Amino acid sequence: MTGPADDGPHPAPAAPGPSGRDLDLEEERRADRKGGAGHTVLLALALAVPVAKVSYTVGGGDAVRDVFVGMEPANWPDVLLGMVITDPLLGSVLGVVVSRIVFAVFAARGAVPSGRGPLAVLRRTALTLANPLAVGLIDLCLFGPWWGLATALAAYALRLGVVVEYRTGRRRPHRSHHAPHDPEYRPPPWLRRFASAEQLVALVLTVVVLPLLFLASAVDGQAWTSIVECRVTYGTRTADARLIELSRKGNGVVGWNLDAEEISNGLGCTATESRHVREPWWGS
């Protein structure tokens, strides 16, 4: 007895679509690969905060344009740099956030080595420690040993959470969906909980704490660079004036004249101890 007639080749069964977990993993890899929310926040802060700092410090309006013209484009990053290296808390949080973003970007490209051999452990330890030690050393030189130690420990803690996630396979490098991890790696429960909390802590530091610190620094009424006492010539009259140093020309200084509220050339300049220009926004 024959079976039903075969009318033609049967279509191949459809490939199963990606699961929700697979989509989540791909989204996490894509975010890490591009720097996540931190990349966008840092870019926005780098563009907007220096303008806000100059605007509040010199009074806004045409003064802001005059200051940036007087600084020349090559010196514009000095505003951001001056804010970071004169504020210990801002500089430390920025160092922690940048360290974590850089590590996440490279981890998404497969930089976290798997395996439990001595060489893999050594490479993983060096990769995890190198940048925290670097940002800690920078903070130590700028702000002192306690700031340096706290920055290094915080940067290491956030990196350790990323390492745990990649080693346990909760995240995979983007080069291959089935990239090897450490199948026998079983971190203690407290470390798993820490790795889960690490993402939340990093997100809060990046999108809440860091912007607030930058905003506070922008409206604190302090100059972003040195204030100098110089001899300034007004037509046929010469007088002493306080200038916010914008650039150096020969043996003089080009700066924002706090007394005349204009760009001035100063000679015989001496540094002042205070960078105070006006009352902070919250005290005005």
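Up top you'll find the structure we're talking about.
A quick note: this is a predicted structure, and the numbers were derived from the prediction, not measured. (Residues numbered from 1 in each chain as written. Predicted model: local features only at pLDDT ≥ 70, side-chain atom pairs only at ≥ 80, totals over all residues. Heavy atoms only, no water.)

1. Some words on the pairing of strand β1 (residues 227-234)
- The pairing of β1 with strand β2 (residues 237-249) spans eight bridges and is antiparallel. Residue pairing for β2: Cys230 is matched across the bridge by Ala241.
- In this antiparallel pair of consecutive strands, β1 and β2, the connection spans two residues, and Gly235 shows a positive phi of 65°.
- Note: β1 against strand β4 (residues 262-271), four bridges, orientation antiparallel. Within the sheet, the bridge partner assigned to Arg231 lies in β4 and is Leu267. (Pairing = 2+ DSSP bridges. Helix = DSSP H or I, 4+ residues; strand = E, 2+ residues; numbered from the N terminus.)

2. Details of helix α8 (residues 189-218)
- Over its 30 residues, α8 runs 42 Å from end to end, which matches the ideal 44 Å to within 8%, given 1.5 Å per residue.
- Bending of α8 peaks at approximately 40° at the position of Leu205.
- Among the residues of α8, Leu191, Ala195, Glu198, Ala202, Leu205, Thr206, Leu210, Leu213, Phe214, Ser217 and Ala218 are the ones counted as buried. (Expected span 1.5 Å × (residues − 1). Bend = angle between axes of the 7 residues up to and from the residue. Buried < 20%, exposed > 50% of the residue type's maximum accessible area, 1.4 Å probe, protein only.)

3. Topic: the environment of Ser92
- Take Ser92: it is sitting in helix α5 (residues 88-107).
- Classification of Ser92 by relative accessible area gives buried; the value is 6%.
- Once the C-alpha coordinates of Ser92 and Leu210 are considered, the two residues, 118 residues apart in sequence, prove to be 9.9 Å apart.
- Excluding residues within four positions of it along the chain, Ser92 makes contact with Asp139, Trp147 and Thr151. (Contact = heavy atoms within 4.5 Å.)

4. A closer look at unusual backbone geometry
- Backbone geometry places Glu72, a non-glycine residue, at a positive phi of 70°.
- Here Glu72 shows up in the loop between α3 (62-71) and α4 (77-86).
- Positive phi, normally seen in glycine, also occurs at Glu261, with a value near 55°.
- Here Glu261 is to be found in the loop between β3 (252-257) and β4.

5. Details of α3
- For α3, every residue scored as buried is listed here: Ala63, Val64, Val67, Phe68, Gly70 and Met71. Down the axis, α3 shows its buried residues gathered within 160° of arc, on one side only. Seen from the buried face of α3, the exposed residues on the opposite side, beyond 90 degrees, are Asp62, Arg65 and Val69.
- Just past α3, the residue Glu72 takes up positive phi, approximately 70°. (Arc of directions from axis to C-beta.)

6. Re the pattern of salt bridges
- Under the counting rule described, the total for this entry stands at five salt bridges.
- As a salt-bridge pair, Lys53 and Asp220 come within 2.7 Å of each other at their nearest N and O atoms. Of the two residues, Lys53 is situated in helix α2 (residues 36-58) and Asp220 in the loop between α8 and β1; the sequence distance between them amounts to 167 residues.
- Residues Glu245 and Arg248 are paired through a salt bridge, measuring 3.0 Å at the closest nitrogen-oxygen approach.
- Overall, the relative accessible area of 58% leaves Arg248 in the exposed class. (Salt bridge = Lys/Arg side-chain N within 4 Å of Asp/Glu carboxyl O.)

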